[in-house]
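Commentary on secondary and tertiary structure
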Amino acid sequence: AQSVTQLDSQVPVFEEAPVELRCNYSSSVSVYLFWYVQYPNQGLQLLLKYLSGSTLVKGINGFEAEFNKSQTSFHLRKPSVHISDTAEYFCAVSGILTGGGNKLTFGTGTQLKVEL
Amino acid sequence: EAGVTQFPSHSVIEKGQTVTLRCDPISGHDNLYWYRRVMGKEIKFLLHFVKESKQDESGMPNNRFLAERTGGTYSTLKVQPAELEDSGVYFCATGIQPNTEAFFGQGTRLTVV
């Protein structure tokens, strides 16, 4: 079984400032890691994912995340945020299985509010 | 290319009534998932179809929930009879391969009064 912790339920930040949204997970098996974003009145959109390879993953809209296996973390960062980044961000994991599908386990979400 | 489509977008029903949610997947996506977010809590897995077969239904809360995917295309999720605690946003997601990117629909907001 997996669990995901997003400690920050809300993160206010000024426009053009850097931001980090924290995500920690626990799992008894190896995992794939994801960040999804939900803009107001829209569905979930994939920002980025870590499946294997380089631990620094770049996604859409200038976001990036780093997989740290020893700390079981997958924090999301952006060096300079824009008003349009205001949204709710979800960290998710899925356990790696051979053959067959697997479900996503989500954190509780972090509401990013970018202010002028 | 059309994305994952869910309808209705909103539904308000009285306790004890029946509601059916529908999800139309992206064409060719064999994997279809249902998730639910209740009262601002985490998004929780309900079940997973591979084509028309239920691969994993461990997240279904109780036997008031029935999911189908006849013919391996669209899926329905029926709640009968609905209870107050069933209120929340129901998401459908589909994908080509498991464990990789799942494409989400906009969700159906269900309110049981």
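From a predicted model like this one, the values you see are computed outputs, not experimental measurements.

Here's the deal with the nonpolar core
- With 28 residues, the main nonpolar core has A:Leu33, A:Trp35, A:Leu47, A:Leu48, A:Phe74, A:Leu76 and A:Tyr89 as its most contacted residues.
- Counting residues per element, the ones that place at least two in this core are β2 (10-14), β3 (19-21), β5 (31-38), β6 (44-50), β8 (64-68), β9 (73-78), β10 (87-95) and β12 (110-115) of chain A.
- Look past the residues within four positions of A:Tyr89 in its chain and what remains in contact with it is A:Gln6, A:Leu21, A:Trp35, A:Tyr36, A:Val37, A:Leu47, A:Phe63, A:Leu76, A:Gly109, A:Thr110 and A:Leu112.
- Among the nonpolar cores identified, the runner-up in size contains 21 residues, and B:Val4, B:Trp34, B:Phe65 and B:Ala67 belong to it.

Some words on the environment of A:Gly59
Residue and element names in this part refer to chain A.
- For Gly-59, the position within the fold is in the loop between β7 (56-58) and β8.
- Judged by relative accessible area, Gly-59 falls into the partly exposed class, the value being 28%.
- Considering only alpha carbons, one finds Gly-59 and Gln-2, 57 residues apart in sequence, at a separation of 23 Å.

Digging into the pairing of strand β9 (residues 88-95) of chain B
Residues and elements named next belong to chain B.
- The element β9 is largely enclosed, with a buried count of 8 among its 8 residues.
- Pairing of strand β4 (residues 31-37) with β9, which is carried by 7 bridges, proceeds in the antiparallel orientation. If you follow Leu-32 over to β9, its bridge partner there is Thr-94.
- The sheet contact formed by β9 and strand β11 (residues 108-112) spans 3 bridges and is antiparallel. Residue pairing for β11: Tyr-90 is matched across the bridge by Thr-108.
- Direction of pairing for β9 relative to strand β10 (residues 103-104): antiparallel, over a ladder of 2 bridges. When the bridges of β10 are listed, Ala-93 appears paired with Phe-104.

Here we look at the interface of chain B and chain A
- Across the contact, 21 residues belong to chain B and 25 residues belong to chain A.
- Linking B:Arg37 and A:Glu88 is a salt bridge whose minimum nitrogen-to-oxygen distance equals 2.9 Å.
- Counting every contact that joins chain B to chain A gives 5 residue pairs in polar contact (both at pLDDT 80 or more).
- Elements represented by at least two residues in the side of chain B that touches chain A include exactly β4, β5 (43-50) and β6 (53-56) of chain B.
- Split into classes, the residues belonging to the side of chain B that touches chain A amount to 8 nonpolar, 8 polar and 5 charged.

What to know about the pairing of strand β1 (residues 2-5) of chain A
All names here are of chain A.
- Alternating residues of β1 divide into Gln-2 and Val-4, all buried, and Ser-3 and Thr-5, none buried.
- As paired strands, β1 and strand β4 (residues 24-27) are joined by 4 bridges and run antiparallel to one another. Pairing of Gln-2 across the sheet is with Ser-27, part of β4.

Quick word on the sheet that holds strand β8 (residues 75-79) of chain B
Residues and elements named next belong to chain B.
- Strand order in the open sheet formed by 4 strands is β1-β3-β8-β7, and the pairing between neighbours is antiparallel. A single partner strand is all that each edge strand has here, and the edge strands are β1 (5-7) and β7 (65-68). Across the sheet, the mean angle from the axis of one strand to that of its neighbour is 15°, orientation sign disregarded.
- By the bridge criterion, 5 bridges tie strand β3 (residues 19-24) to β8 in an arrangement that is antiparallel. Counterpart to Val-19 in the pairing with β8 is Val-79.

Quick look at unusual backbone geometry
- A cis geometry characterises the amide bond from B:Phe7 onward to B:Pro8, with omega recorded as 5°.
- By the secondary structure assignment, B:Pro8 is in the loop between β1 and β2 (10-13).
- Cis peptide bonds are those with omega within 30 degrees of zero, and the linkage from B:Gln80 to B:Pro81 qualifies with -10°.
- Looking at where B:Pro81 falls in the secondary structure, it is placed in the loop between β8 and β9.
- Of note in this structure, A:Glu16 is not a glycine but carries a positive phi near 75°.
- Residue position: A:Glu16 is located in the loop between β2 and β3.
- For A:Glu16, a relative accessible area of 63% puts it in the exposed group.
- You will see that A:Thr72, though not glycine, has its phi angle at about 45°, which is positive.

Analysis parameters
Residues numbered from 1 in each chain as written. Chains lettered and ligands numbered in written order. Predicted model: local features only at pLDDT ≥ 70, side-chain atom pairs only at ≥ 80, totals over all residues. Heavy atoms only, no water. Core = buried A, V, L, I, M, F, W, Y, C linked by side-chain atoms within 4.5 Å. Buried < 20%, exposed > 50% of the residue type's maximum accessible area, 1.4 Å probe, protein only. Helix = DSSP H or I, 4+ residues; strand = E, 2+ residues; numbered from the N terminus. Contact = heavy atoms within 4.5 Å. Pairing = 2+ DSSP bridges. Salt bridge = Lys/Arg side-chain N within 4 Å of Asp/Glu carboxyl O. Polar contact = N/O pair within 3.5 Å; in protein donor to acceptor, adjacent residues only side chain to side chain. Nonpolar A, V, L, I, M, F, W, Y, C, P; charged D, E, K, R; others polar. Axes fitted to C-alpha atoms, helices over the stretch in contact; angles between N-to-C directions.

Just distances and angles here, no functional claims.
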